[in-house]
Every structure is written in structure tokens, then in C-alpha cells.
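Structural description and commentary
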Amino acid sequence: MSDLAFQDYYPDDLSHCYGCGRLNEHGIQLKSRWDGEESVAYYTPKPYHTAVPGYVYGGMLASLIDCHGTGTAAAAGYRAEGRGMDSEPPLRYVTAALNVSYLRPTPLGDPLEVRGRVKEVKGRKVVVEAWIIAGGEVCVRGEVVAVQLPEAMRQ
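Procedures and definitions
Every chain is numbered independently, its residues counted from 1 as its sequence is written. Residues qualify for local features only when their pLDDT is at least 70, as the model is predicted, and side-chain atom pairs are given and counted only at 80 or more; totals for whole chains, interfaces and linings, by contrast, use all residues. The side-chain values count all of the structure's non-hydrogen atoms but skip hydrogen atoms and water molecules. Helix and strand assignments follow DSSP, with helices taken as H or I runs no shorter than four residues and strands as E runs no shorter than two, numbered in order from the N terminus. Only C-alpha atoms enter the radius of gyration, while the globule expectation follows 2.2 Å times N to the 0.38, with N the number of residues. Throughout this description, buried means an accessible area under 20% of the type-specific maximum (1.4 Å probe, protein chains only), exposed means over 50%, and partly exposed covers the range between. By definition, residues are in contact when any of their heavy atoms lie within 4.5 Å. Calculation of accessible area relied on Shrake-Rupley with a 1.4 Å probe; when residues are assessed, cover is drawn exclusively from the protein chains displayed. His is not counted, nor are the chain ends, whereas Lys and Arg count as positive and Asp and Glu as negative. One atom stands in for each charge, and that atom is NZ of Lys, CZ of Arg, CG of Asp or CD of Glu. Pairs of N or O atoms are called polar contacts if they sit within 3.5 Å, as long as, within protein, a hydrogen donor faces a hydrogen acceptor (for residues adjacent in sequence, only side-chain-to-side-chain pairs). Take the buried Ala, Val, Leu, Ile, Met, Phe, Trp, Tyr and Cys residues and link them wherever side-chain atoms come within 4.5 Å; each set so joined is a nonpolar core. The term salt bridge refers to a side-chain nitrogen of Lys or Arg lying within 4 Å of a carboxyl oxygen of Asp or Glu.

Regarding the overall build of the chain
Each helix and strand counted, the chain has one helix and six strands in total. The linear arrangement of helices and strands in the chain, starting from the amino end, is β-β-α-β-β-β-β. Relative to a compact globule of 155 residues, whose C-alpha radius of gyration would be 15 Å, the chain shows 15 Å and is just as compact. When the 155 residues of the chain are sorted by exposure, 45% land in the buried category. For the chain, restricting intrachain contacts to residue pairs at least 6 apart in sequence, the fraction spanning at least 24 positions comes to 62%. Counting only carbon and sulfur atoms, one obtains 51% of the accessible surface of the chain, whose full area is about 7800 Å². The centroid of the 16 positive side-chain charges in the chain is displaced by 4 Å from the centroid of its 19 negative side-chain charges.

Take a look at the structure:
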């Protein structure tokens, strides 16, 4: 695995996302990397990410699926173009659709492993399936349809 995460390659003006922005000091700052043909990230929710005592809030889990999916989409976009993530122009993806299924309660306090696999790369769209593992069990599954950031969203 590379030392740099996918999100470390995002340009400064596009690095403020609550879930994956390295410049958002109050955010999660998720870090995703390739692990063979899958992507992986790790995150341990804080005690305030609670739903009911002992379990992670579902919105936090959806955020992890979302940001891991868009990061994986960016990395897949670069791969599809046969270039490194440090090349220009930068590719940044945003969520067009997010589907999350909660399979079992996710315990709070355990480190979470977020995994992803690219299902499709087609033009400006990438589809990523993702899942969250806690204590060796898959607790959440999701799918992210990501699209390249529209130029109108850049400031």
C-alpha cells in the first residue's frame, strides 16, 4: 500500500469535505488506499458518534461508505486514464447516488475497516461497492455512484 492516501492528492480547494477533507480539522479525515484490487480505510468512531449506547450512529457509517466510495472512484478514474494521482488535471468525484444497507448493529469502540471494490468505470461515472467490517463481521454494505466534480462546483 502507498504511504499517501487517495484523499492526500485532492487539491487544497477541494479538501474540505467533512468525511474525507484533509483540511477539515473538525472532520473525519478518512484515508483510503489500494490494497490489491480493493480499497481500504480504517477509522475508529469517537464516543460521540453514538446512536444508542454501545453502537455507531448510522449517519456516520453512511459517511464512511460515501467518502470511501468517492475516494476510490477518484483513484479508479486515474487508473482508467493510465496516470498517477499526482498528475494534472486533478480528478475529484462527488456522490450522485448512495445506497446503504445496515446488516447488523455496528459496535462503538471497535476500529472499523472500510473496504471497496470498483464495479464500473464509464466516462465521468464510477460505481463502487463498499462495506464496513467491525470485529471481523460485515455490518454495513453500500454502493456509491460517483461522478467527476462538475466544473461549476469549483470556486
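What to know about unusual backbone geometry
The omega angle of the peptide bond from glutamate 88 to proline 89 is -5 degrees, so this bond is cis rather than trans. Of note in this structure, glutamine 29 is not a glycine but carries a positive phi near 55 degrees. Mapped onto the elements of the fold, glutamine 29 is located in the segment before strand 1 (33-35).

Points about the environment of alanine 146
Structurally, the position occupied by alanine 146 is in strand 6 (residues 137-148). Classification of alanine 146 as buried rests on a relative accessible area of 0%. Contacts of alanine 146, omitting those with residues within four sequence positions, involve Thr70, Ala73, Tyr93, Val94, Ala96, Arg124, Lys125 and Val126.

Quick notes on the side chain of arginine 92
Looking at where arginine 92 falls in the secondary structure, it is placed in the loop between helix 1 (58-81) and strand 3 (93-102). A distance of 3.2 Å separates the side chain of arginine 92 from the backbone oxygen of leucine 14, its partner in a polar contact.

Re the nonpolar core
Judged by nonpolar contacts, the single largest core of 35 residues is most densely connected at Leu30, Leu64, Ile65, Tyr93, Ile132 and Val140. Residue assignment for this core shows that the elements contributing at least two residues are strand 2 (38-43), helix 1, strand 3, strand 4 (112-122), strand 5 (125-134) and strand 6. Per-element tally for this core: the top contributor is helix 1, with eleven residues. Setting aside its immediate chain neighbours within four residues, leucine 30 contacts Gln7, Gly19, Cys20, Ala41, Tyr42, Tyr43, Leu64, Cys67 and His68.

Some details on the pattern of salt bridges
Should their charged atoms come close, side chains of opposite charge can pair. Within the structure shown, the criterion is met by twelve salt bridges. Among the salt bridges present, the one from arginine 115 reaches glutamate 38, with a minimum N-O distance of 3.0 Å. In this pair, arginine 115 is assigned in strand 4 and glutamate 38 in strand 2, connecting sequence segments 77 residues apart. In this structure, arginine 115 and glutamate 38 share a single accessibility class: buried. Glutamate 81 serves as the salt-bridge partner of arginine 83, at 2.6 Å between the closest nitrogen and oxygen. Put simply, Asp35, Glu38, Glu113, Arg115, Arg117 and Glu129 are held in one network by salt bridges that share partners.

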